Amino acid sequence: MSTRRLLEESAATLEDAGVASPRHDAEVLLSHVTGMPRALLTLTARVDDAQRRTYLEMIAARARRVPLQHITGSAAFRHVDLEVGPGVFVPRPETELLAGWAIDSAREVLAQGRQPVVVELCAGSGAISLSVVHEVPEARVHAVELDESAYGWAVRNLDGTGVDLRRGDMADAFTDLDGEVDVVVVNPPYIPLDAWESVAPEARDHDPDLALWSGDDGLDAMRVVEQVAWRLLRPGGVVGAEHADAQGESAPAVFTPRWAEVRDHRDLADRPRYVTARRP
């Protein structure tokens, strides 16, 4: 069987299984197995019997809706690669925009002649913290994660970076930093409990429950974020938090009563994606 036909049949298998990007995923997995760039797969890649068996096992796992990143063991996020697998939330491309906002906010503090202090709540794999310390190495970055398994993945990804990673509940994290933080950034759980059926199997069946569900309206964690950010931030400090696209009004409303410059931001698909606010 030619490589082209192998890809076509594998993509068809993934499409029948309901995978959102079947051709893309089939190519990524074959590239992972062969070590060849995706663009060269049908031109130069030769798949031996052992590689073919491994590849078809991966295709079968992806058809069962195991996340692509769990199969390859890594996830690209902005300019870094993270180790991911069972027990940790796979970082999404949409969250790169929130990370970019945190990076820009830290750079603004740096431009004022101060060392930025950044806190990531609900750190998961540590994707945002790793991006901040990678792109703004002058920043002091702190991160907290409650889930034991996810914390283990964050330890791997943040080892040697200088990030102050702690395990615990964001609600009472970093009391030693109260009033000293410039930027609080968080991708909290935000899915309502009754939305189970609408969540893709890759997330519903494989991401940690702590990273997904957040009360009847999906905003229980956001309310905690509002309180913790108010405690941590110095006057003029900023908070940014991701939310579901259906929460473009309800999420900012959590911050409206006492925060300044409350603003919602849209993602590349023009959907409401994250809220930012400034502590007066």
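Quick note: structure is the one above.
Residue positions are given per chain, counted from 1 along the sequence in the order it is written. Confidence filtering applies because this is a predicted model: local features only for residues at pLDDT of at least 70, side-chain atom pairs given and counted only at 80 or more, and all residues used for totals across whole chains, interfaces and linings. Side-chain figures throughout are based on the complete set of non-hydrogen atoms in the structure, without hydrogens or water.

1. Some remarks on the packing of aromatic side chains
- Pairs were defined over the aromatic rings of Phe, Tyr and Trp, the Trp ring being its six-membered one, requiring ring centres within 6.5 Å. Orientation was assigned from the angle between planes: stacked under 30 degrees, edge-to-face over 60, tilted for the rest. With the rule as written, the count across this model stands at 2 aromatic pairs.
- Summarising the aromatic geometry, the rings of Trp230 and Trp259 are spaced 5.1 Å apart at their centres and angled 80° between planes, so their arrangement reads as edge-to-face. Highlighted residues: Trp230 in helix α10 (residues 220-232) and Trp259 in the loop between α11 (250-255) and β8 (260-266), separated in sequence by 29 residues.
- Aromatic pair Phe255 and Trp259: ring centres 5.8 Å apart, planes at 75°, arrangement edge-to-face.
- Only protein chains enter the accessibility calculation, which uses a 1.4 Å probe; a residue whose area is less than 20% of its type maximum is buried, one above 50% is exposed, and one in between is partly exposed. On the accessibility criterion, Phe255 (1% relative accessible area) is buried.
- Here a set of aromatic residues connected by ring pairs shows up, and it is made of Trp230, Phe255 and Trp259.
- Looking at Arg156, its charged tip hangs above the ring of Trp153, at a distance of 4.0 Å from the centre.
- By definition here, charges over rings are those cases where NZ of Lys or CZ of Arg is within 6 Å of the ring centre and within 35 degrees of the ring normal. The ring of Trp230 has Arg258 sitting right over it, with the charged end atom 4.3 Å from the ring centre. Numbering goes from the N terminus for both helices and strands, where a helix is a DSSP run of H or I of at least four residues and a strand is a run of E of at least two.

2. Remarks on helix α4 (residues 49-63)
- One less than the residue count of a helix, multiplied by 1.5 Å, gives the span that helix is expected to have. Look at α4: 21 Å from first C-alpha to last across 15 residues, which is about the 21 Å you get at 1.5 Å a residue.
- Buried within α4 we find Gln51, Arg52, Tyr55, Met58, Ile59, Ala61 and Arg62.
- Where the residues of α4 are buried, they touch α1 (3-16), α2 (22-34), α5 (68-72) and α9 (201-204).
- Residues adjacent in sequence count toward polar contacts only when both atoms are side-chain atoms; beyond that, a polar contact is any pair of N or O atoms within 3.5 Å, and within protein one must be able to donate a hydrogen and the other to accept it. Its side-chain oxygen placed 3.2 Å from the backbone nitrogen of Ala50, Asp48 serves as the N-cap of α4. Should any heavy atoms of two residues lie within 4.5 Å, those residues are considered in contact.

3. Comments concerning the pairing of strand β2 (residues 80-83)
- Every second residue of β2 is oriented toward a common face, the buried set being Val80 and Leu82 and the non-buried set Asp81 and Glu83.
- Bridge count for strand β1 (residues 74-77) against β2 is 4 bridges, and the pairing is antiparallel. Bridged to Phe77 within β2 is Val80.
- Taken together, β1 and the strand that follows it, β2, pair antiparallel across an intervening segment of 2 residues, in which Arg78 is found at a positive phi of about 50°. One requirement defines pairing of two strands: DSSP has to find at least two bridges between them.

4. A closer look at helix α7 (residues 127-135)
- In terms of residue burial, α7 counts as a mostly covered element, since 8 of its 9 residues are buried.
- Listing the buried residues of α7 in full gives Ala127, Ile128, Ser129, Leu130, Ser131, Val132, Val133 and Glu135.

5. Describing the nonpolar core
- Only buried residues count toward a nonpolar core. Its members are Ala, Val, Leu, Ile, Met, Phe, Trp, Tyr and Cys residues joined through side-chain atoms within 4.5 Å. Within the largest apolar cluster, 33 residues are counted, with the highest numbers of intra-cluster contacts made by Trp101, Val118 and Val132.
- Looking at this core, the elements with two or more residues in it are β1, β2, α6 (95-111), α7, β4 (140-145), α8 (148-158) and β6 (181-186).
- Considering each element in turn, this core owes the most residues, 6 residues, to α6.
- The residues contacting Trp101, other than those within four sequence positions of it, are Val183, Val184, Val185, Val238, Val239, Gly240, Tyr274 and Thr276.
- Counting residues in each nonpolar core, the second largest holds 28 residues, with Val144, Leu219, Ala251 and Ala277 among its members.

6. Looking at the side chain of Arg279
- Turning to its location among the elements, Arg279 is positioned in the segment after β9 (272-278).
- Of the side chains bearing the opposite charge, Glu226 lies closest to the buried Arg279, which forms no salt bridge; the N-O distance is 8.7 Å.
- Setting aside residues up to four positions removed in sequence, Arg279 forms contacts with Trp230, Leu233, Arg234, Pro235, Gly236, Gly237 and Trp259. For the purpose of counting charges, residues Lys and Arg are taken to be positive, whereas Asp and Glu are taken to be negative. His and the chain ends are not included. Criterion for a salt bridge: a side-chain nitrogen of Lys or Arg within 4 Å of a carboxyl oxygen of Asp or Glu.

7. Regarding unusual backbone geometry
- One non-glycine residue with positive phi stands out, namely Arg78, at about 50°.
- By secondary structure assignment, the location of Arg78 is in the loop between β1 and β2.
- Accessibility expressed as a relative area gives 30% for Arg78, which makes it partly exposed.
- With phi around 50°, Cys122 is a residue other than glycine that occupies positive phi space.
- Tracing the sequence through the fold places Cys122 in the loop between β3 (117-121) and α7.

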